[in-house]
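The residues making up each chain are set out below.
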Amino acid sequence: MSEVIPVLHNVFSVEIVRQFAKVSYGLGFKTIVISKPSGAAAQAGVPEAQKLALKKGKVLIVLSGIEDVIELFKPSLTLLITPKKYAKEEFDVERVINKVKKGSVIVVFGGSEPGLSAREIEMGVPIHIGVEDDLGPLGFASIVLHSISNALKKA
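Residues numbered from 1 in each chain as written. Predicted model: local features only at pLDDT ≥ 70, side-chain atom pairs only at ≥ 80, totals over all residues. Heavy atoms only, no water.

Trainee: How should I be thinking about the overall build of the protein in this particular structure?
Mentor: Tallying secondary structure elements over the protein gives six helices and seven strands in all. Starting at the N terminus and ending at the C terminus, the protein contains elements arranged as β-α-β-α-β-α-β-β-α-β-α-β-α. What you see for the protein is a C-alpha radius of gyration of 14 Å, in line with the 15 Å of a compact globule of 155 residues. Oriented by its inertia axes, the alpha-carbon framework of the protein measures out at about 35 × 30 × 25 Å. Put simply, the protein has 155 residues, and 49% of those count as buried. Of the contacts formed within the protein by residues at least 6 apart in sequence, a portion of 83% connects residues at least 24 apart. Roughly 7500 Å² of accessible area belongs to the protein as shown, and the carbon and sulfur atoms make up 54% of that amount. Positive and negative side-chain charges of the protein, numbering 19 and 16 respectively, have mean locations separated by a distance of 8 Å. (Helix = DSSP H or I, 4+ residues; strand = E, 2+ residues; numbered from the N terminus. Rg over C-alpha atoms; globule rule 2.2 N^0.38 Å. Buried < 20%, exposed > 50% of the residue type's maximum accessible area, 1.4 Å probe, protein only. Contact = heavy atoms within 4.5 Å. Areas by Shrake-Rupley, 256 points an atom, 1.4 Å probe, with all protein chains shown as cover. Lys, Arg positive; Asp, Glu negative; His and termini not counted. Charge placed at Lys NZ, Arg CZ, Asp CG, Glu CD.)

This is how it looks when you write it as structure tokens:
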């Protein structure tokens, strides 16, 4: 089944996990993935996000890395949202809409500083949203997922 799946990767913060789930589910995404949670994010953040998922009838999947996400979903497109200095291409919502017609699209957000590693960025297409500063995972997720949500409603 084709869908867009937000992924929060390498996160340590309980609050970032909680807010990522709220933003993703609130914008209408039914499945989210938390990849490589550590410390408090794994111990308290994931259970809180799972509770929210159950209350809303949504799905939360926890995996050990981006490789596992790609293996499980076999996406037609893997986007890695990064600060502008790490990506040549700018986010294009039409590209996402065209690819989701052919299969799942995963959109990966780095959950902690400095974001995604060079090795992780090679696992997909690094994309920036046209701002110079690093907005952090929640800033990037809010902007990108809102654009995708609106475009999916119109498609």
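Trainee: What exactly am I supposed to notice about the sheet that holds strand E4 (residues 77–81) here?
Mentor: Two orientations exist for strands paired in a sheet by backbone hydrogen bonds: parallel and antiparallel. Spatial strand order, E3-E2-E1-E6-E4-E7-E5: seven strands in an open sheet with parallel pairing. Looking along the sheet, the strands with just one partner apiece sit at the ends: strand E3 (59–63) and strand E5 (89–90). (Pairing = 2+ DSSP bridges.)

Trainee: Sorry, what's going on with the pairing of strand E7 (residues 125–128) here?
Mentor: The two faces of the sheet receive side chains in turn, since in a regular strand these alternate between them. Across three bridges, the pairing between E4 and E7 is parallel. Its bridge partner being in E7, Leu 80 is matched across the sheet by Pro 126. Across two bridges, E5 lies against E7 in parallel orientation. By the bridge assignment for E7, Glu 90 is matched with His 128.

Trainee: It is not clear to me how unusual backbone geometry should be interpreted in this structure. Could you clarify?
Mentor: A negative phi holds for most residues other than glycine; trans holds for most peptide bonds. Its identity as a non-glycine residue notwithstanding, Asn 10 has a phi of 60 degrees, on the positive side. Assignment of secondary structure puts Asn 10 in the loop between strand E1 (4–9) and helix H1 (14–26). Judged by relative accessible area, which is 14%, Asn 10 ranks as buried. If you check the backbone angles, Lys 74 has positive phi at about 45 degrees while not being a glycine. On the secondary structure map, Lys 74 appears in the loop between helix H3 (66–73) and E4.

Trainee: Mind showing me how you'd approach the side chain of His 128 here?
Mentor: Checked against the element boundaries, His 128 lands in strand E7. At a separation of 2.9 Å, a polar atom in the side chain of His 128 contacts the main-chain amide nitrogen of Gly 130. If near-sequence neighbours (up to four positions away) are discounted, His 128 is found in contact with Thr 82, Pro 83, Lys 84, Ala 87, Lys 88, Glu 89, Glu 90 and Phe 91. (Polar contact = N/O pair within 3.5 Å; in protein donor to acceptor, adjacent residues only side chain to side chain.)

Trainee: Explain the packing of H1 against helix H6 (residues 136–154) to me, please; I cannot follow it from the model alone.
Mentor: In contact at an axis separation of 10 Å, H1 and H6 are set at 5 degrees when each is read in the N-to-C sense. One finds that H1 runs roughly parallel with respect to H6. Here Ile 16, Gln 19, Phe 20, Val 23 and Ser 24 of H1 lie close against H6, whose contacting residues are Pro 137, Leu 138, Ala 141, Ser 142 and Leu 145. Residue composition of the contact of H1 with H6, by class: seven nonpolar, three polar and no charged. (Axes fitted to C-alpha atoms, helices over the stretch in contact; angles between N-to-C directions. Parallel < 35°, antiparallel > 145°, perpendicular 65-115°, else oblique. Nonpolar A, V, L, I, M, F, W, Y, C, P; charged D, E, K, R; others polar.)

Trainee: Any chance you could explain the environment of Val 96 here in plain terms?
Mentor: Among the structural elements, Val 96 can be located in helix H4 (residues 93–100). In this structure the C-alpha to C-alpha distance between Val 96 and Ile 106, which are ten residues apart in sequence, comes to 9.4 Å. In this structure, Val 96 is in contact with Val 4, Leu 79, Phe 91, Val 105 and Ile 148, ignoring residues within four places of it in sequence.

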